[in-house]
Amino acid sequence: QVQLVESGGGLVQAGGSLRLSCAGSGTTLRLAVMGWYRQAPGKQRELVARISRLGSTSYADSVKGRFTISRDNIKKTIFLQMNNLKPEDTAIYYCNNVGYDSHWPWGQGTQVTVSS
């Protein structure tokens with residue numbers, strides 16, 4: 001069973017940057033399409049970025065041009081570089097697989113708070 005641990009969140013002012021990391025256990029992660037999801041208070045969890053095993057990426061329109069997802073398959077780690085952060089990016093950020101029949105158990109997430 002894959003275990004996921006997210007880190008790197010924090011409090012930043014609008015326009016600032018953060019780099020999130022997601023460390024996973026198990027070899028399955030290396031083969032999976034992985035994604036960063038976020039959940040804001042009172043809203044459903046949404047997928048904001050995904051990356052294939054070989055590095056192809058796609059982004060939600062709301063973060064395109066500001067966020068960059070990457071991965072290190074040897075270290076089984078997924079990254080999310082977030083630049084030009086906006087207050088509406090405030091949420092708990094999670095990583096997980098994309099497109100599997102079911103998600104792996106969700107980690108605790110990492111809180112990102114952007115002040116205006």
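Structure: see above.
Below is a short write-up of the structure. Worth saying up front: this structure is predicted, and the values here are computed from it rather than measured.

About the criteria used
- Residues numbered from 1 in each chain as written.
- Predicted model: local features only at pLDDT ≥ 70, side-chain atom pairs only at ≥ 80, totals over all residues.
- Heavy atoms only, no water.
- Helix = DSSP H or I, 4+ residues; strand = E, 2+ residues; numbered from the N terminus.
- Contact = heavy atoms within 4.5 Å.
- Phe/Tyr/Trp six-rings, centres within 6.5 Å; stacked < 30°, edge-to-face > 60°.
- Buried < 20%, exposed > 50% of the residue type's maximum accessible area, 1.4 Å probe, protein only.
- Disulfide = S-S within 2.5 Å.
- Pairing = 2+ DSSP bridges.
- Axes fitted to C-alpha atoms, helices over the stretch in contact; angles between N-to-C directions.
- Salt bridge = Lys/Arg side-chain N within 4 Å of Asp/Glu carboxyl O.

## Here's the deal with the environment of Ser52
Then comes step 1: Within the element layout of this structure, Ser52 appears in the loop between strand S5 (46-51) and strand S6 (57-59).
Then comes step 2: Considered as a pair, Ser52 and Gly26 are 26 residues apart in the sequence and their alpha carbons are 17 Å apart.
Then comes step 3: Not counting chain neighbours up to four residues away, the residues in contact with Ser52 comprise Val33 and Arg71.

## What to know about the packing of aromatic side chains
Where two aromatic rings form a pair, the distance of their centres and the angle of their planes describe that pair.
Then comes step 1: Within the structure shown, the criterion is met by three aromatic pairs.
Then comes step 2: When the ring of Tyr37 is compared with that of Trp106, the centres are 5.2 Å apart and the planes differ by 85 degrees; the resulting orientation is edge-to-face. With a gap of 69 residues between them, Tyr37 in strand S4 (residues 34-39) and Trp106 in the loop between strand S9 (91-97) and strand S10 (110-115) connect regions that are remote in the sequence.
Then comes step 3: Residue class for Tyr37 comes out buried when judged on its relative accessible area of 7%.
Then comes step 4: In this structure Trp106 comes out as partly exposed when scored by relative accessible area, which is 30%.
Then comes step 5: Considering the side-chain rings of Tyr94 and Trp106, the 5.7 Å spacing of their centres and the 80 degrees angle between planes classify their relative orientation as edge-to-face.

## Some points on the state of the cysteines
Then comes step 1: If you walk through the whole model with that rule in mind, you get one disulfide.
Then comes step 2: The disulfide bridge from Cys22 ends at Cys95, spanning 1.7 Å between sulfur atoms. Measuring the twist about the S-S bond at about 40 degrees, one finds the Cys22-Cys95 disulfide to be right-handed. Of this pair, Cys22 sits in strand S3 (residues 18-24) while Cys95 sits in strand S9, and the two are 73 residues apart along the sequence. The residues Cys22 and Cys95 share a single accessibility class, namely buried.

## Things to note about the sheet that holds S3
Then comes step 1: Reading across the sheet, the four strands line up as S1-S3-S8-S7 and stay open at both edges, with antiparallel pairing between neighbours. Both edges of this open sheet fall to strand S1 (4-7) and strand S7 (67-72), since each of them pairs with a single strand only. Across the sheet, the mean angle from the axis of one strand to that of its neighbour is 15 degrees, orientation sign disregarded.
Then comes step 2: Here S1 runs beside S3; their pairing, made up of four bridges, is antiparallel. Among the inter-strand pairings, Ser7 is bridged to a residue of S3, identified as Ser21.

## Some words on the side chain of Asn96
Then comes step 1: When you line up the elements, Asn96 lands in strand S9.
Then comes step 2: Exposure remark for Asn96: the relative accessible area of 0% places this residue in the buried category.
Then comes step 3: Excluding its chain neighbours within four sequence positions, the residues that come into contact with Asn96 are Leu4, Val33, Met34, Gly35, Tyr37, His103, Trp104, Pro105 and Trp106.

## Focus: the pattern of salt bridges
Then comes step 1: The full count for this structure, using the stated rule, is four salt bridges.
Then comes step 2: Notably, a salt bridge pairs Arg38 with Glu46, separated by 2.8 Å at the nearest N-O pair.
Then comes step 3: A relative accessible area of 6% means that Arg38 is categorised as buried.
Then comes step 4: For Glu46, a relative accessible area of 33% gives the class partly exposed.

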